Structures are given as C-alpha cells and as structure tokens.
Amino acid sequence: MSPGLRLVQTTPAHDWTDVQRGEPNALEALLEEWLPVVLQWCRRLGGPRVDPDQAAQEIAIVVLRRIHTVRAAAAFPSWLFAVTRRVLAQHRRRHWGIRWNASAAVDRVAADTTPESHTQRQEEIAAVRAVIQRLPQTLREVLVLVDVEERSQPEAAELLSLPLGTVKSRLRRARLTFARQARADGLRPATADEPSGGE
Amino acid sequence: MSDRPDPRLQSFAEHTPARPDEIAALRRQLPSPVEVARSTRPPRRTWMLAGATLAAGLLGWVVLRPTAAPPPEPLSAVLTAQGGTGELTLGAHVRLEYTGSGRVEGDAARPRVHWERGRIALTVEPRSGVDLEVRTPDAAVAVTGTRFSVERDLLGTHVSVERGSVSVRCVGGSDHALGPEQAHTCLPATPGGLLARARALDEAGAPSEEVLETLAVGMATTGLDSPIGVELHFLALSLERQADNPEAALAHALAILRAGASLRRDAVASAAVELALSTGDCDGAAEGLAALPAPQQDAWATTVDACHTQALSEP
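For clarity, every value in this text was computed on a predicted model and none was experimentally measured.

Draft legend 1. Molecular detail of empty space enclosed by the protein. Residue and element names in this part refer to chain A. Summed over all chains, the structure comprises 2 cavities of 30 Å³ or more. Here the largest cavity defines a volume of roughly 60 Å³. Considering the residues around the largest cavity, the lining is formed by Leu45, Phe81, Arg85, Leu88, Arg92, Gln137, Arg140 and Glu141. Of all elements in the fold, only helix H4 (76–94) and helix H6 (137–148) reach the threshold of two or more residues within the lining of the largest cavity. Looking at the lining of the largest cavity residue by residue, the class counts come to 3 nonpolar, 1 polar and 4 charged.

Structure (structure tokens):
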C-alpha cells in the first residue's frame, strides 16, 4: 500500500473556514491531500471505459466549485466519495462506445523483473481488475476501500454513508463473490505467502 | 476466506498507485483553484453591478418599448437533418441548429418546437421578448433568452444549458430550473421508452443499480398483463441474478409466472426453479417446476422433491 493515501488526516478542522472562503493556500493544500486518493478511486472503481486522469480532473473542478457547500471538515470525505461516484457514473454513460480504455490498464512493474514474470504479473493484475469490475457496484466499492486501500471498516462506512453492519455484510459478500469469480476466471489460487512483487 | 482480504487484492493495490509524477502531471492540467473559485463565486460587487444594470435595463424597456407591435407571422416548418446539421432562423432573435427530426409551429414571438429525435441547439437573444418552448415526448422546456440544447435518444431527453436559464418540466411531473452549465435528463415517459433506456444502459455497461432504477419506474407504470411489463421484470430478473441477489431475482420470476404471462415462460420457470433451490425456497421451486414444460419437469422433479424432503427432516 502506498503511504500517504488515507483520508483520515485530510482537511484539518481549523482550516475549514479558509477552505470554504476559497483561500488559495487552503485550496492548494486540499488538492495536495486528496488528489492522489481521488485518482486511485478513479483507477480502481472507474472501469475500463473511464479515463481516470480525465475523471479525476473533473472531480477536482467540481470540488473547487462546490466546496463552499460542505459545512464541516468531517463531512468532506463522504461528500468527496459521493462526487467521485457521480462523476464516474457520468463518464461511463458518456463513453458507451469505448470497449476498453488502454490507460485504465495500469502497468506498474519493478525494473528488476524478468520479461516472463513481467508478462505474468501484468496478466494477473488485468485478471484481478476484470473480476473487480464485474462485481456489483455496492460490493466493488466496499472491497476496494477495505481490502485494496486497507481502510478500516468504520472508515469505509463513513465514506459510503452507510451503517457499519451494512459495510460488514457487503464486505463478506464481496470477498466471497470475488473469490468465486476469480476461481471461475482461472486465476491462480490465493495464498497468504504469495509474493507481492512490483515496487 | 471471507474473513480476511484476498492476497491478490494486495498485489493489485501495489500495482495501481497514484505516483507523485502522475499527480504532478494532473496538477499541471488543472486550472488554479483561485481561477475556478472566482469563476464560480463572483464577488458581491459584481452582483450589485448586475442588479443595477438589470434595473436600468428594465426601466429603459418600460420607457422605450413599442406600443403597438404588428401581429407576428404564423410559423409551420418540418425540421429534419440526418447525417448533417440543419440551420433555421426564426424572426430576428432565435436560431436553431439541429441533427434529427421535429417540427416548429407558433410564431416568431412564441415559437413552439416539437422535437422527436436527435439533438437541437437553440440560441435565443436575451431580452428579445421571445417566449420559446421545446417539447419532446418526455419533457417541456421553457426559455426566454439563452443558449441551450435538447437531445432525445434512448436514454430520455437531455437538456443542457450553455448560458441563461431554462425551466424543464418532465412529463413524469418534476420541475427543474437550470442555470449556465447545468443539465438535466428527463426519463422516457412511456413503459416502452423506459425499457429501451434500461436496455441501452445495460448494453453500455452502466451500474446495475442505475438500470434497476429505470426498470422500477417502468414497472410502476405498467402491469404484467402487457408484454412490456413482462420484459421489464425479465430484465430485472437477469440483472438481480447477475448481481448475486437471488431473492430479488426470484421475486421477479414468480411475479411473471403468477401473472400467467406466456412470454419467456420457459426461461422464467427454469430460472425460478434454479433460484428457489439456491435459496432453499422449496415452495418457490415447486411453483417454477409446475410452469416448466414436461421434459424439463422430469429433469428437475427429483431435485425439488429432495428439497422438500430435506426441509421436512430439518428440525
């Protein structure tokens, strides 16, 4: 998990009035904090028809335009997630014709891997991505927030504006569905000590 | 397995990070926060100036308006342009650019555009006194001075405002006031239109929640005594099944069977048996079994009997 990508430390309360007033430094700091998070959400939740960079840009502009409507710093993460979800849905609708967006297939492989392991790893990542994208949206969101981004379940519940119990039951269903579909797609069985590779 | 994360997801996370160089590139493409904030929230002085200009304009109009305008010429024209863009000017203040088909009636001061299919962009000179209305089978859009477009396709009627403001009344009954850079889509008003929208969304890969939302509106407007009602439930059945919601899928299947619909009956009955068995609903399975044709009944009968036997043997 890359460091510095969690939302918990973002938008400290004492800055919020500055953010709402549109103070340049406060807005810059806000962008600095959450833009990486938003880009990752776009990549992991957007699906093959969404250009994550373009979607993240659009979300940034929506946030800058509408941030004054968010009354408190505590409400910001769930509001931001709702904006992301809405913009991603618009992008999916807008780009029906695109069957697969090449930029969505992110290729991040360490320089010291062999061509064979590189190819194998790429295929595995693409297969995992395909399984995630086929999950129903409600399950996909919980799985990405908790198991991919390593957020706590209460944190995911706050982001999704859902009761903790709902997040727990969705997570359980998401993990089962993911495992079943991964098996159906012929992915290698998961093992706890499987080498993670990459960076 | 469901108590802990799958290690393959960890590996996926490690290969999909937002790297600093990518974030920097994204930041370079964004406008500065100050520019965006300024363009959205003009200072109060600007509003005061705009208010004063508006008041002066109103006063000037009251003083200088013509006292007796000549009666306007009646309008009646068919608008059709396929594979290109048609253009039409109505009087001195309204300009239409369109791809698709519709017609225009009324007169230059009160044009009434009836738009059937495709996209039409309209420019109305502000404060020209023109009262323009665009109607589609799904929506009515009223406007006095602005630039906006109306697009009608399988998804409904999409109204998008570039400048000025328009009011949109969807045929379903909801009203919407749109300002610059705002848009609204009115859902199709008929069950057939809603089914077409749901299918288009599904084919486009829209989230199943969104497709099911459209289907729910359609199912509320028509019953299972019509073929479209059956098709709406059948698509909902398929989506709920794909989304791993067997109980919801079974409810749609049983609703179709109980309505006595003949359309897709075999497929629905077969789905009902499978779904009911997967959820342990032996009565639902028996109901699906009864609707199956004889050869398939024989194939499933033993399994459904076993379900009942097992249910009886459980405490």
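The rest of the description comes next.
Draft legend 2. Examining helix H2 (residues 20–29) of chain B more closely. Turning to H2 of chain B, its buried residues are Glu22, Ile23 and Leu26 of chain B. All buried residues of H2 of chain B fall inside an arc of 100° around its axis, so they share one side. Away from its buried face, by an angle of more than 90 degrees, H2 of chain B presents the exposed residues Pro20 and Arg28 of chain B. Looking at the buried residues of H2 of chain B, the elements they touch are helix H2 (24–45) and helix H3 (52–66) of chain A.

Draft legend 3. Examining the pairing of strand S5 (residues 139–143) of chain B more closely. Residue and element names in this part refer to chain B. Counting buried residues in S5 gives 4 out of 5 residues, a clear majority hidden from the surface. Sheet topology note: the strand S4 (residues 132–135)/S5 ladder contains 4 bridges and is antiparallel. Bridged to Glu133 within S5 is Ala142. Hairpin geometry of S4 and S5 is characterised by an intervening segment of 3 residues between the two adjacent antiparallel strands.

Draft legend 4. The arrangement of unusual backbone geometry in detail. Residue and element names in this part refer to chain B. Although it is not a glycine, Glu181 adopts a positive phi angle of roughly 65°. Turning to its location among the elements, Glu181 is positioned in the loop between strand S9 (175–178) and strand S10 (183–186). Its relative accessible area of 62% is what places Glu181 among the exposed residues. Look at Arg264: it is not a glycine, yet its phi comes out positive at around 55°. With respect to the helices, strands and loops of the structure, Arg264 is situated in the loop between helix H8 (246–258) and helix H9 (265–278).

Draft legend 5. Quick look at the nonpolar core. The biggest cluster of nonpolar side chains holds 60 residues, and the ones touching the most others in it are Trp34, Val63, Ile67 and Phe76 of chain A. Sort the elements by how many residues they give to this core and H2 of chain A lands first, with 12 residues.

Draft legend 6. Representation of the environment of Gln133 of chain A within the structure. All names here are of chain A. For Gln133, the position within the fold is in helix H5 (residues 115–134). Put simply, Gln133 and Pro48 are 85 residues apart on the chain and 8.1 Å apart in space, counted from C-alpha to C-alpha. In this structure the side chain of Gln133 is engaged in a polar contact, spanning 3.2 Å, whose partner is the backbone oxygen of Arg44.

Draft legend 7. The arrangement of the state of the cysteines in detail. All names here are of chain B. One pass over the full model with this rule turns up 2 disulfides over all chains. Covalent S-S linkage joins Cys170 and Cys186, the inter-sulfur distance amounting to 2.1 Å. On the sign convention where negative means left-handed, the S-S torsion of about -75° between Cys170 and Cys186 marks this disulfide as left-handed. Separated by 16 residues along the polypeptide, Cys170 in strand S8 (residues 166–170) and Cys186 in strand S10 bring together distant segments of the chain. There is no split in this pair, since Cys170 and Cys186 are both buried. In this model, Cys282 is linked to Cys307 through a disulfide, with the two sulfur atoms separated by 2.0 Å. Residues Cys282 and Cys307 are joined by a disulfide whose S-S torsion is about -80°; by sign, that bridge is left-handed. One end of the pair, Cys282, is in helix H10 (residues 282–291); the other, Cys307, is in helix H11 (residues 294–313), and 25 residues separate them in sequence. Using a relative accessible area of 8% as the deciding quantity, one classes Cys282 as buried. Here Cys307 falls in the buried class, since its relative accessible area comes to 11%.

Draft legend 8. Inspection of the pairing of S4 of chain B at higher detail. Note that strand S3 (residues 110–124) of chain B and S4 of chain B share 3 bridges and pair parallel. Along S4 of chain B, the bridge assignment pairs Val113 of chain B with Val134 of chain B.

Draft legend 9. Expanded view of the packing of aromatic side chains. Tallied over the entire structure, the rule returns 4 aromatic pairs over all chains. Ring geometry for Trp16 of chain A against Phe76 of chain A: centres 5.6 Å apart, planes inclined by 55°, an arrangement best described as tilted. With Trp16 of chain A in helix H1 (residues 16–21) and Phe76 of chain A in helix H4, this residue pair connects regions lying 60 residues apart in the sequence. For Trp16 of chain A, a relative accessible area of 3% translates into the label buried. Ring geometry for Tyr98 of chain B and Trp115 of chain B: centres 6.1 Å apart, planes at 70°, overall edge-to-face. Of the two residues, Tyr98 of chain B sits in strand S2 (residues 94–107) while Trp115 of chain B sits in strand S3, which places them 17 residues apart along the sequence. Exposure class is identical for Tyr98 of chain B and Trp115 of chain B. Each is buried. Site record: aromatic cluster; members linked through ring pairs are Trp16, Phe76 and Trp79 of chain A.

Scoring rules and cut-offs
Residues numbered from 1 in each chain as written. Chains lettered and ligands numbered in written order. Predicted model: local features only at pLDDT ≥ 70, side-chain atom pairs only at ≥ 80, totals over all residues. Heavy atoms only, no water. 1 Å grid on protein atoms, 1.4 Å probe; cavity = no way out; pocket = protein on both sides within 12 Å on 5 of 7 lines; lining within 4 Å. Points joined across faces, edges and corners; volume = space filled by probe spheres on them. Helix = DSSP H or I, 4+ residues; strand = E, 2+ residues; numbered from the N terminus. Nonpolar A, V, L, I, M, F, W, Y, C, P; charged D, E, K, R; others polar. Buried < 20%, exposed > 50% of the residue type's maximum accessible area, 1.4 Å probe, protein only. Arc of directions from axis to C-beta. Contact = heavy atoms within 4.5 Å. Pairing = 2+ DSSP bridges. Core = buried A, V, L, I, M, F, W, Y, C linked by side-chain atoms within 4.5 Å. Polar contact = N/O pair within 3.5 Å; in protein donor to acceptor, adjacent residues only side chain to side chain. Disulfide = S-S within 2.5 Å. Phe/Tyr/Trp six-rings, centres within 6.5 Å; stacked < 30°, edge-to-face > 60°.

Any functional reading would require information beyond the geometric quantities listed.
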